[in-house]
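Residues per chain, in single letters:
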Amino acid sequence: MSHPIAPDTTKRSVQPTHYHCYKWSGSGQEWDRLGKTDTLDLNSPDRPPVRTADWPIKSPRLIAAVHTGPKDACDWLIAEWDQAREKALNPVPEWVSSEDRAVRALQAIETGCWPSYSMWLAGGVIVLTAVVGTAKRCH
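The structure contained in this document is the topic of the report that follows. (Residues numbered from 1 in each chain as written. Predicted model: local features only at pLDDT ≥ 70, side-chain atom pairs only at ≥ 80, totals over all residues. Heavy atoms only, no water.)

## Focus on helix H2 (residues 70–86)
The test is simple: The way it works is that DSSP assigns letters per residue, a run of H or I at least four long becomes a helix, a run of E at least two long becomes a strand, and they are numbered from the N terminus. Helix span, expected: 1.5 Å multiplied by one less than the number of residues in the helix. The classification of residues rests on relative accessible area computed with a 1.4 Å probe and restricted to protein chains. Under 20% of the type maximum is buried, over 50% is exposed, and intermediate values are partly exposed. Contact criterion: two residues are considered in contact whenever any of their non-hydrogen atoms come within 4.5 Å of each other.
Along its 17 residues, H2 runs 24 Å from first to last C-alpha, staying within 8% of the 24 Å computed at 1.5 Å per residue. Residues of H2 that are buried include every one of Ala-73, Cys-74, Trp-76, Leu-77, Ile-78, Glu-80, Trp-81, Ala-84 and Arg-85, and no others. Next to the buried residues of H2 lie strand E1 (18–27), strand E2 (63–67), helix H3 (98–110), strand E3 (116–121) and strand E4 (125–134).

As structure tokens, then:
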């Protein structure tokens with residue numbers, strides 16, 4: 001079953017030149033220690049944002065990889081998803097396939113709808129990942 005993807009309303013008309021692959025993980029205590037600050041609070045650069053489009057204003061330390069093509073960025077995201085899935089606190093159902101997720105993620109990246117995933121892992125760890133395209137000269 002295919003579902004349409006809504007466009008990102010924060011998207012500009014400029015095509016991305018590369019894709020930042022973001023990752024944050026930490027314990028529940030770390031998550032709590034960082035507080036419930038607003039995603040745009042520049043005084044909390046190490047806290048992952050609430051909105052996917054806000055990842056670029058956070059600390060560059062949260063960039064785990066950079067790719068020049070949407071397929072490579074999607075492959076990174078799905079590989080991270082697969083690693084998290086293996087350690088999930090609550091097992092991911094078999095019918096949630098990585099292949100289907102990859103098709104939707106690639107379509108999202110290609111249309112500027114930046115995908116993000118989060119999952120609680122066994123041991124009280126949460127992991128958040130996202131892909132956001134940019135045309136800024138930051139590298």
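## Concerning the pattern of salt bridges
Using the following cut-off: Just to be clear on terms, a salt bridge is a Lys or Arg side-chain nitrogen sitting within 4 Å of an Asp or Glu carboxyl oxygen.
Scanning the entire structure with this criterion turns up 3 salt bridges. The salt bridge involving Lys-23 is made with Glu-80; its shortest N-O contact spans 2.8 Å. Here Lys-23 is found in strand E1, whereas its partner Glu-80 is found in helix H2, with 57 residues between them in sequence. Residue classification places Glu-80 among the buried positions, given a relative accessible area of 14%. Here Asp-75 ties to Lys-71 by a salt bridge, and the two come within 2.7 Å at their closest N and O atoms. One end of the pair, Asp-75, and the other, Lys-71, are both in helix H2, 4 residues apart, so they sit about a helical turn from each other.

## Side note on the packing of aromatic side chains
Counted only if it meets this: When the centres of two rings from Phe, Tyr and Trp lie within 6.5 Å, Trp using its six-membered ring, the rings pair. Their planes under 30 degrees apart give stacked, over 60 give edge-to-face, and anything left gives tilted. Only when the NZ atom of a Lys or the CZ atom of an Arg is both within 6 Å of the ring centre and within 35 degrees of the ring normal do we say a charge sits over the ring.
Taken as a whole, this structure holds 3 aromatic pairs when the rule is applied. Here the guanidinium or amino end of Arg-101 rests over the ring plane of Trp-81, the centre of that ring lying 3.7 Å away. The lysine or arginine in question, Arg-101, covers the ring of Tyr-117, its NZ or CZ lying 4.4 Å from the ring centre.

## Let's talk about the sheet that holds E1
Worth spelling out the cut-off: Any two strands with at least two DSSP bridges between them are considered paired. Lines fitted to the C-alpha atoms define the axes, with helices restricted to the stretch that makes contact. Angles between their N-to-C directions range from 0 to 180 degrees.
An order of E2-E1-E4-E3 is seen for the 4 strands of this open sheet, with the pairing classed as antiparallel. With partners counted over all chains shown, the strands left at the sheet margins are E2 and E3, one partner each. Mean inter-strand twist for the sheet, computed between neighbouring axes without regard to direction, equals 15°. Judged from the 10 bridges that link them, E1 and E4 form a sheet pairing that is antiparallel. Bridging across to E4, Ser-27 finds its partner in Val-125.

## Overview of the nonpolar core
Note the cut-off: By nonpolar core we mean a set of buried residues, namely Ala, Val, Leu, Ile, Met, Phe, Trp, Tyr and Cys, connected to one another through side-chain atoms within 4.5 Å.
By size, the foremost hydrophobic cluster in this structure holds 30 residues, and its most contacted members are Trp-55, Ile-109, Met-119 and Val-131. Contributions of two or more residues to this core are made by E1, H2, H3, E3 and E4. At 7 residues, H2 tops the list of elements feeding residues into this core. Once residues within four sequence positions are removed from consideration, Trp-55 is found in contact with Tyr-22, Trp-24, Pro-48, Pro-49, Leu-62, Leu-128, Ala-130 and Val-132.

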